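# Observations on the model geometry
Now for the letters of each chain:
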Amino acid sequence: DTEVTQTPKHLVMGMTNKKSLKCEQHMGHRAMYWYKQKAKKPPELMFVYSYEKLSINESVPSRFSPECPNSSLLNLHLHALQPEDSALYLCASSPLRQRATTEAFFGQGTRLTVV
Amino acid sequence: AQKVTQAQTEISVVEKEDVTLDCVYETRDTTYYLFWYKQPPSGELVFLIRRNSFDEQNEISGRYSWNFQKSTSSFNFTITASQVVDSAVYFCALRSIIQGAQKLVFGQGTRLTINP
């Protein structure tokens, strides 16, 4: 199983809503990632979890709150978002080692629209 | 700093033509990995190839081929006899390892349209 599964695939939320994006993988990967991709732009790294601990936060606003409850699951909690946060949110996973010889696997993403 | 440049924003060709997507990178690392990903309209990033900095051998996989040249810091991708299903956005990426995790820096992407 080389899949990274993200739910939901589409999400529309108001600026006062609280919602969560979910990501799951069963490849035994101990690194999991959130990327944000605006329209017609490349993906940009937001967060990295290593061994279920937050290891990298790319100066992401606090209205985005990541969580890694176990080695297979990654959540992104959303609160008080702005319309400019509308984007494709991609989850990825990879093995965790200094000389990684494999690629990161990406999910299909959640298309988020903030109204 | 890591940087990837894909100068071609959009390319449009007729089916069966060959097309080359350019990628130029900058890094101070002596060991690094380069990647090409394909992103169809569905959104998923599909891995195409990985190349490490010690291996300058070109690679061919079916209709796809890659030309890696360290001397010019380029990692170009050619599709031979293009097909409509090749239409997608293609990203070149440079990877760095931070505390064992992979950080990918992507180029701006090239939107490829194959017309029937």
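Everything below is about the structure printed above this text.
So, a few notes on the structure that sits alongside this text. (Residues numbered from 1 in each chain as written. Chains lettered and ligands numbered in written order. Predicted model: local features only at pLDDT ≥ 70, side-chain atom pairs only at ≥ 80, totals over all residues. Heavy atoms only, no water.)

### A look at the pattern of salt bridges
Counted according to the given criterion, the structure contains 8 salt bridges over all chains. With its nearest N and O atoms 2.8 Å apart, the salt bridge here joins Arg 63 of chain B to Asp 86 of chain B. A residue pair is termed long-range when its members are at least 10 positions apart, and Arg 63 of chain B in the loop between strand S7 (59–61) and strand S8 (64–69) and Asp 86 of chain B in the loop between strand S9 (74–79) and strand S10 (88–98) qualify at 23 residues. Here Arg 63 of chain B falls in the partly exposed class, since its relative accessible area comes to 24%. Among the charged side chains, a network of salt bridges with common partners joins Lys 36, Arg 63 and Asp 85 of chain A. (Salt bridge = Lys/Arg side-chain N within 4 Å of Asp/Glu carboxyl O. Helix = DSSP H or I, 4+ residues; strand = E, 2+ residues; numbered from the N terminus. Buried < 20%, exposed > 50% of the residue type's maximum accessible area, 1.4 Å probe, protein only.)

### Describing the nonpolar core
Inside soluble globular proteins, nonpolar side chains tend to come together where they are buried. All names here are of chain B. Counting residues in each nonpolar core, the largest one holds 24 residues, and the members touching the most others are Trp 36, Trp 66, Phe 75, Phe 77 and Tyr 90. Secondary structure elements with two or more residues in this core: strand S2 (10–14), strand S3 (19–21), strand S5 (33–39), strand S6 (46–52), S8, S9, S10 and strand S12 (110–115). In terms of residue count, S10 provides more of this core than any other element does, 4 residues in total. Excluding residues that lie within four positions of it along the chain, Trp 66 makes contacts with Trp 36, Leu 48, Ile 49, Asn 58, Glu 59, Ser 61, Phe 75, Asn 76 and Phe 77. (Core = buried A, V, L, I, M, F, W, Y, C linked by side-chain atoms within 4.5 Å. Contact = heavy atoms within 4.5 Å.)

### Overview of the packing of aromatic side chains
A full pass over the atoms with the stated rule returns 19 aromatic pairs over all chains. Each ring, one from Phe 106 of chain A and one from Phe 106 of chain B, has its centre 6.4 Å from the other, and the planes form 70 degrees; the classification is edge-to-face. Of this pair, Phe 106 of chain A sits in strand S10 (residues 105–106) while Phe 106 of chain B sits in strand S11 (residues 101–106), on two different chains. Of the two residues, Phe 106 of chain A and Phe 106 of chain B, neither departs from the other in class, the shared state being buried. Linked through ring pairs, Tyr 33, Tyr 35 and Phe 106 of chain A together with Phe 35, Tyr 37, Phe 47, Phe 91 and Phe 106 of chain B together constitute an aromatic cluster. Lying across the ring of Tyr 33 of chain B, Arg 95 of chain B places its NZ or CZ 4.4 Å from the centre. (Phe/Tyr/Trp six-rings, centres within 6.5 Å; stacked < 30°, edge-to-face > 60°. Lys NZ or Arg CZ within 6 Å of the ring centre and 35° of its normal.)

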